[in-house]
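Observations on chain architecture
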Amino acid sequence: VSARTGPVMLVVVDTVSRAMPSGGENSPEDMTTFIAVCDAVRAETGAAMLLIHHSGKEKSRGLRGHSSLLGAVD
């Protein structure tokens, strides 16, 4: 938090896949680690987190990746 720019209000992650290049978005371990890092950033800054994530090719199947991401939505 900088006195010149003011407090951080929003952190945007564009995209989830690009933010975890060595991780697998289908891996429960990698996705829960990613979620924990987002939680730590949120706790440290007090900012809201906005995660941009790709939808799947088939709309009926929902989001790409592990279901823990949707479970972590607040």
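Residues numbered from 1 in each chain as written. Predicted model: local features only at pLDDT ≥ 70, side-chain atom pairs only at ≥ 80, totals over all residues. Heavy atoms only, no water.

The calculated volume of the largest pocket comes to roughly 380 Å³. Of all the secondary structure elements, the ones that give two or more residues to the lining of the largest pocket are α2 (28-45), β2 (48-52) and α3 (68-71). When grouped by side-chain class, the residues that make up the lining of the largest pocket number eleven nonpolar, one polar and three charged. (1 Å grid on protein atoms, 1.4 Å probe; cavity = no way out; pocket = protein on both sides within 12 Å on 5 of 7 lines; lining within 4 Å. Points joined across faces, edges and corners; volume = space filled by probe spheres on them. Helix = DSSP H or I, 4+ residues; strand = E, 2+ residues; numbered from the N terminus. Nonpolar A, V, L, I, M, F, W, Y, C, P; charged D, E, K, R; others polar.)

Attention shifts here to the nonpolar core. Counting residues in hydrophobic clusters, the biggest one holds eight residues: V13, V16, M20, M31, F34, I35, C38 and L69. Per-element tally for this core: the top contributor is α2, with four residues. If we ignore the near neighbours within four places in the chain, the residues touching I35 are S68, L69 and A72. (Core = buried A, V, L, I, M, F, W, Y, C linked by side-chain atoms within 4.5 Å. Buried < 20%, exposed > 50% of the residue type's maximum accessible area, 1.4 Å probe, protein only. Contact = heavy atoms within 4.5 Å.)

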